Amino acid sequence: MDSPAASTTGTLDIVLEGGPASLPVEVRRQRVDSLTDTVKICHYGGYEHFGRVDGESSVDGPVLFRWIGRTRVAE
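Structural notes, computed from the coordinates. (Residues numbered from 1 in each chain as written. Predicted model: local features only at pLDDT ≥ 70, side-chain atom pairs only at ≥ 80, totals over all residues. Heavy atoms only, no water.)

### A word on the packing of aromatic side chains
For any two aromatic rings, the description comes down to two numbers: the centre-to-centre distance and the angle of the planes. Evaluated as defined, the whole model comprises zero aromatic pairs. Above the ring of Tyr 47, the side-chain terminus of Lys 40 is found at 4.4 Å from the ring centroid. (Phe/Tyr/Trp six-rings, centres within 6.5 Å; stacked < 30°, edge-to-face > 60°. Lys NZ or Arg CZ within 6 Å of the ring centre and 35° of its normal.)

Now the structure itself:
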């Protein structure tokens, strides 16, 4: 059975934790494919990477993704 955070289309509501303080609040709440283990956000000339945290999300809430690092955009 899917949790309320998952829709019938195979997506999850997620929350991004950590990373730069300048990352907007509205970007920190997203909906992604349910099979996604990492999320990459374009931010100030680079990408912020977030990884899925198993076992820390609430059954009735969004899945937690925690910041794991940053890469720069190649020029």
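### Quick look at the nonpolar core
Core analysis: the largest hydrophobic core is formed by ten residues, namely Leu 12, Ile 14, Leu 16, Leu 23, Val 32, Val 39, Ile 41, Phe 50, Val 63 and Phe 65. Elements with a minimum of two residues in this core: β1 (11-17), β3 (38-43) and β5 (63-72). Per-element tally for this core: the top contributor is β1, with three residues. Residue contacts for Leu 16: discarding those within four places in its chain leaves Val 27, Arg 28, Gln 30, Val 39, Ile 41, Phe 50 and Phe 65. (Core = buried A, V, L, I, M, F, W, Y, C linked by side-chain atoms within 4.5 Å. Buried < 20%, exposed > 50% of the residue type's maximum accessible area, 1.4 Å probe, protein only. Helix = DSSP H or I, 4+ residues; strand = E, 2+ residues; numbered from the N terminus. Contact = heavy atoms within 4.5 Å.)

### Details of the environment of Val 27
Among the structural elements, Val 27 can be located in the loop between β1 and β2 (29-33). A residue is classified by how much of its surface remains accessible, and Val 27, at 23% relative accessible area, is partly exposed. When the C-alpha positions of Val 27 and Ile 41 are compared, they lie 8.4 Å apart, and in sequence the two are 14 residues distant.

### Observations concerning the pattern of salt bridges
Following the criterion strictly, the structure yields three salt bridges and no others. We note a salt bridge from Asp 13 to Arg 31, for which the minimum N-O separation is 2.6 Å. A residue pair is termed long-range when its members are at least 10 positions apart, and Asp 13 in strand β1 and Arg 31 in strand β2 qualify at 18 residues. Judged by its relative accessible area of 25%, Asp 13 is partly exposed. For Arg 31, a relative accessible area of 48% gives the class partly exposed. As a salt-bridge pair, Arg 66 and Glu 17 come within 2.5 Å of each other at their nearest N and O atoms. Taken together, the residues span a long stretch of sequence, with Arg 66 in strand β5 and Glu 17 in strand β1 at a distance of 49 residues. (Salt bridge = Lys/Arg side-chain N within 4 Å of Asp/Glu carboxyl O.)

### What to know about the sheet that holds β1
Pairing is mixed across the open sheet formed by five strands, whose spatial order is β2-β1-β5-β4-β3. The open sheet is flanked by β2 and β3, the only strands paired with a single partner. Strand-to-strand twist of the sheet, defined as the mean angle between neighbouring strand axes without regard to direction, takes the value 40°. By the bridge criterion, six bridges tie β3 to strand β4 (residues 46-52) in an arrangement that is antiparallel. Bridge pairing in β4 places Lys 40 opposite His 49. (Pairing = 2+ DSSP bridges. Axes fitted to C-alpha atoms, helices over the stretch in contact; angles between N-to-C directions.)

Spatial relationships are all this shows, so hold off on functional conclusions.
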